[in-house]
Amino acid sequence: MRPDLMRFAGRHRWIWAALGVVILWTVLSGLTQSISLHALTGVATSAAFLLIAALGQMVVVTTGRGNIDLSIPSVITLSAFATVTVSGGQDANVPLAVAAVTAVALLTGGLNAILVVLLRIPAIIATLATGYMLATVTLLVNRQVKSSGTAETLAWLATNRVGGVPVVALLALAATVVAAWVLARLAYGWQLSATGQNWGAARLAGVPVGRTTALAFLASAMLAGITGMLLSAYAGGAFLEMGTPYLLQTVGAVVLGGTLIAGGSAVPAGTLFGALLLVLIVATMQIAGLPLGAQDIVQGVVIILVLALAGPRNAR
Amino acid sequence: MNEMNATPLAARADAPSRPALLRLEGISKSYGPTRANREVTFSIAPGEVVGLVGANGAGKSTLMRVLTGGAVPDAGRLVVDGTEVAWDRYGPRAAQRLGLRIVHQELSLCPNLTAAENMYLERPRTRAPAFWLGPYRRMVREGLAAVFPDARIDADQRVGRLDLAEQQMLEIARAAGDPALRLLILDEPTSSLSSEAARALHAHVAARAAQGLAVIFISHKLPEVLAVSDRVVVMRNGAVVADAPREEMTLPDLMAAVGGRAALAEVAPPAPSGAEGPILVRLGGALTSALGHEVELRAGEVVGLAGLEGGGQKTLLRRIREADGRGASEVERRGRASFVSGDRKAEGVLPLWSVLRNIVLGRVAAAPPLRAVRPEAEAAAARQWAERLSLAPERLDDGILDLSGGNQQKALIARGLVDASPIVLLDDPTRGVDIGAKRDFYRVLRQVASEGRLAVWHSTEDAEFLECDRVLVLSHGRIVADLRGAAITEEAIIAQSFATPDGTSPARRQAAAPSERVFGAIPFLGLALLVGLMAWINPLVLSGFGMQLLLGPAVTLVLVALAQMFIVGGSEVDLSVGNFVSMVNVLSATVLVTAPFFGGLALAAGLGGYAFLAVLIRTRGIPAIVATLGASFIWLGVGRTIQPSPGGSAPDWLGAAFDWQIPGLPAPLALILAAGAVALLIDRSPLGVVLRGFGAAPDALARLGWSPLRYSVCRYVIAGAFAMAAGLYLTAMNGASDVRVGGSYTLLSVAGIVVGGCALLGGRINPPGVVAGAVTLALIGAALAMLGVGTDFNALVQGSLLIAILGLRTALGGRRSDAA
């Protein structure tokens, strides 16, 4: 019986994060009366923004060889600025804003891909550098921002509810389902997993490992762009450092969700629960009145702890 | 198998009177189903030179591994000086203490260290604080002079920049110079040596043997073996098949003994292939110059690639894989090719997947990314091939690592066949595979060929070539024979393998990267250029006050970059260094002022945190990237908790500590020089050498007995100390703290070391370069301001500089030397 259970948990690694969500939720609602449907919506909304970006991080991490996307926060921030600046709060300009965000994402993701795949610069350095350079662009854009306000379409997507469920949560859920489908049912998913498990073997088996890695960086940048766009609508504007929390949190959601940090195995459902768990942890700390600094500490500790417990198997 | 006893040791008149130095008795060793050694008995006396020969895979390497503590046999005894050795207490270090040493074919020197530093890693006994490398330089010089009097190798030259022959000489000299040496094992020592160097080695072996040193000489060059040995031992299929004094051996005898009869004689020879199929692969140019005509491989053929290890078979196989369409190149391929490697771990299995998925990948690997995969439909085809290879259907859903090596290999072969590509390339596919799996493989290969595919098959087991229609024998990278049908015999293959085609030189020179020197000079040139430019715009830059003003902010970056440098020296990156600086800044401007004792304690705890990080990374296998990313938020959190908004003040003594004056030398410049000097001293100290060694060749160092954990902790604590100095300096200069001050230093520190000419991988670091690089980066902001460009562009310029240099290095092939 027990070995069977362990086997099940080994196959479905999202189970741990899901368990964490259930336990934390139960404890929270037991401890305080203030946990309400309203709080649940808040958690779902925060988790949704995180989830969309984290799915991109998951894909990059799955390419293996220590790959990671550290440019996500900068893409989020710049996309938020681009959305606000270009749309100017007018619905008519939304397609233009979408085009601008797409351009930001494709340029950043493309640059990351070129640096990592063609110039063979370690992803950690390449994405750190692109993110750093984007920050300059954001600073310049920040100076130019004259208009503010949020286009109605975007506001509806970011803040409204359908049948009590935040629209953005539905979007994030849909993104997760699409990601799961691509990973399981399209050739790309197989190629991605093979590349991350054993780069040399995948290459010799005929997998276009360079293209596979490049697409992962593009996807990550695109998802970060979408996050930034929706986030600007949710926050009703854009500000510097808007994306900063997403650096650690995307990695955290991915790691908590059971995706192997060494690559080769992505767990979209796990990333969903990982994002929820992380947001719940933050919410708990806020309810407990912990200062911002303590929240940073706890998040850092949780990530290191999870990896330490998962042990060398995880690092392979 | 005790043919040893049957043959008297009469080679040297005095040999029988001498007691054996050591005896291996009844050694058996299996790797999975492969019996690498079968009851081997072997002994050697002091002063005796034994030549050990045998075909690839005959069991020589395994026997030598057992002898030198690299492998524990399944059965048998090792007796040294009449005392039996306990296997559980035997290992490479113990063997070395007994004076038993081996020089491997693949070299074990750290390429990023100098010759003298490599000598230290091996014999870290003598300790002389000042000029400590002196004795090791002398050891290198004297060791080389003893063996290769003509060798001119600078003891301070980095090993990676020596050519193969020089590295080989150094490796031999390092082992031969061991004062405790009693048995020296040389594995293919002359494969990359010039004939003069080889002669010098032969002479040295003879001279040392006369003084009582025992030598085992392993070589594929049979005439050489006959020239240097007193006695020759021949191994085949894991057993000793001949053991005789040199006088009783002739070259033809030796060749016959090495080749022997077909080990797999029971398998019926293949039927001659049928009608000539279309040409699928064409080989020409220099590759076939020894043959005099082009080689065409056709559909329906099973073509073997034979030759000595390193003869060019693997390279040819990979060239066929990478060749495209047609063209004037030496290798032309027409049609898709699949590839099956026998190196299952590195080039075969996808460890997380089931057997079935591993096979199905063959149909999905090259598909357009958006093609749908229908697992059941794909699985059907996969099952068919699994069945043809007699892979048990009930095992297909198991994880691939749960299978035996033979069954794993069957799955990989099925993967190579499942997408029906007309060409199948096989790289030693039966390595370590049991005989049953081999037979299944031979049968399927034959069927596949008769169905109209071309199989090109490299094997390290010469007997397997009897399964082929055609065998190309390679030597020194060229095809020297094209054997067909009845002409394929082990004897013929071996005879051709030992051939040396005209116009080849044994020593391949490793191209010294000219870019290295250029990159070494970049940080200094760049800095000089930048300072020159700034002085041209405003001459006051060079005044004492100007330097004070400009270099003040640079001190922090220099210290952080030096911290990062030590981490990168271990081929890792510290993402937390910037926030650590912030935390120290906050701690020293708050707690250290109000409660100095607790402040000091907190700072010490910060260093402890770095040490703990190192422990986690090593013992729990957490990637340094994620561990330091997590840590960076912990540092940030601590800083924020103590001081949510900028403020605080500097302790008086701290300001004084950084604010001293040397007449004529601006304080920041003095600090920068001092920091660089400290880093340089650490880097050049014995500790620094070990740290750099770990960055390039951690396994080699662990084998030599250095503790990875201990030195990892050292590395992180040193880095933490430099980062802490940076934080304290910030407090002293600003007289206040801000938790956000350090954020950008993480990237800047990486940029600083890259601009400073360090490699991100491979443990090649350069403290003076890093200092110059960090100062350059710090001055860019001031230079931009002088040019009238907003400081907003700071980050853009710094980031672009980092990427440009890294990209340029890849473009100039610098990466290859990174990998070396």
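Residues numbered from 1 in each chain as written. Chains lettered and ligands numbered in written order. Predicted model: local features only at pLDDT ≥ 70, side-chain atom pairs only at ≥ 80, totals over all residues. Heavy atoms only, no water.

K.L.:
Teacher, can you tell me more about the packing of helix H28 (residues 745-755) of chain B against helix H29 (residues 767-786) of chain B here?
P.N.:
Two quantities define a packed helix pair, namely the angle between the axes and the distance from one axis to the other. Residues and elements named next belong to chain B. Remark: H28 packs on H29, axes separated minimally by 7 Å, with the N-to-C direction vectors making an angle of 125°. One element, H28, and the other, H29, form an angle in the oblique class. Taken as a pair, H28 and H29 cross one another with a handedness that is right-handed. Packed against H28, whose contacting residues are Leu-748, Ala-751, Gly-752, Ile-753 and Val-755, the element H29 presents Val-770, Gly-773, Ala-774 and Leu-777 at the interface. Residue composition of the contact of H28 with H29, grouped by class: seven nonpolar, two polar and no charged. (Axes fitted to C-alpha atoms, helices over the stretch in contact; angles between N-to-C directions. Helix = DSSP H or I, 4+ residues; strand = E, 2+ residues; numbered from the N terminus. Parallel < 35°, antiparallel > 145°, perpendicular 65-115°, else oblique. Left-handed = near helix turned anticlockwise from the far one by under 90°. Contact = heavy atoms within 4.5 Å. Nonpolar A, V, L, I, M, F, W, Y, C, P; charged D, E, K, R; others polar.)

K.L.:
Would you explain empty space enclosed by the protein in this entry?
P.N.:
Empty space among the atoms becomes apparent when a probe as large as a water molecule is rolled across them. Residues and elements named next belong to chain B. Within this structure, the stated rule accounts for nine cavities of 30 Å³ or more. Taken as a whole, the largest cavity spans an internal volume of roughly 70 Å³. What lines the largest cavity is a set of eleven residues, and nearest its centre among them are Ala-55, Leu-308, Asp-462, Ile-494 and Phe-498. Residues belonging to the lining of the largest cavity are distributed by class as follows: five nonpolar, five polar and one charged. (1 Å grid on protein atoms, 1.4 Å probe; cavity = no way out; pocket = protein on both sides within 12 Å on 5 of 7 lines; lining within 4 Å. Points joined across faces, edges and corners; volume = space filled by probe spheres on them.)

K.L.:
Help me understand the confidence of the model for chain B in this model?
P.N.:
Low-pLDDT stretches of the model should not have their predicted coordinates read in fine detail. Residue and element names in this part refer to chain B. Per-residue confidence for chain B gives a mean pLDDT of 85, with 90% of residues at or over 70. Long-range and interchain partners of residues 261-269, a stretch whose pLDDT sits below 50, account for 15 contacts in this model, where long-range means more than four residues apart. Note on residues 814-820: pLDDT is under 50 here. Beyond four places in sequence and across chains, it has ten contacts. Interface confidence for the predicted complex, given as ipTM, is 0.90, next to a pTM of 0.84. (pLDDT = per-residue confidence, 0-100.)

K.L.:
Looking at this structure, how should I read the pattern of salt bridges?
P.N.:
Pairing is possible between side chains of opposite charge, provided their charged atoms come close. Residues and elements named next belong to chain B. Across all of its chains, the model carries 39 salt bridges over all chains by this definition. A salt bridge links Glu-25 to Arg-23, with the nearest nitrogen and oxygen atoms 2.9 Å apart. A relative accessible area of 26% means that Arg-23 is categorised as partly exposed. Close ionic contact of Glu-296 with Arg-298 constitutes a salt bridge, the shortest N to O distance being 3.7 Å. According to the relative accessible area criterion, Glu-296 is partly exposed, its value standing at 25%. Salt bridges linked by common partners bring Arg-101, Glu-122, Arg-123, Glu-171, Arg-174 and Asp-178 together as one network. (Salt bridge = Lys/Arg side-chain N within 4 Å of Asp/Glu carboxyl O. Buried < 20%, exposed > 50% of the residue type's maximum accessible area, 1.4 Å probe, protein only.)

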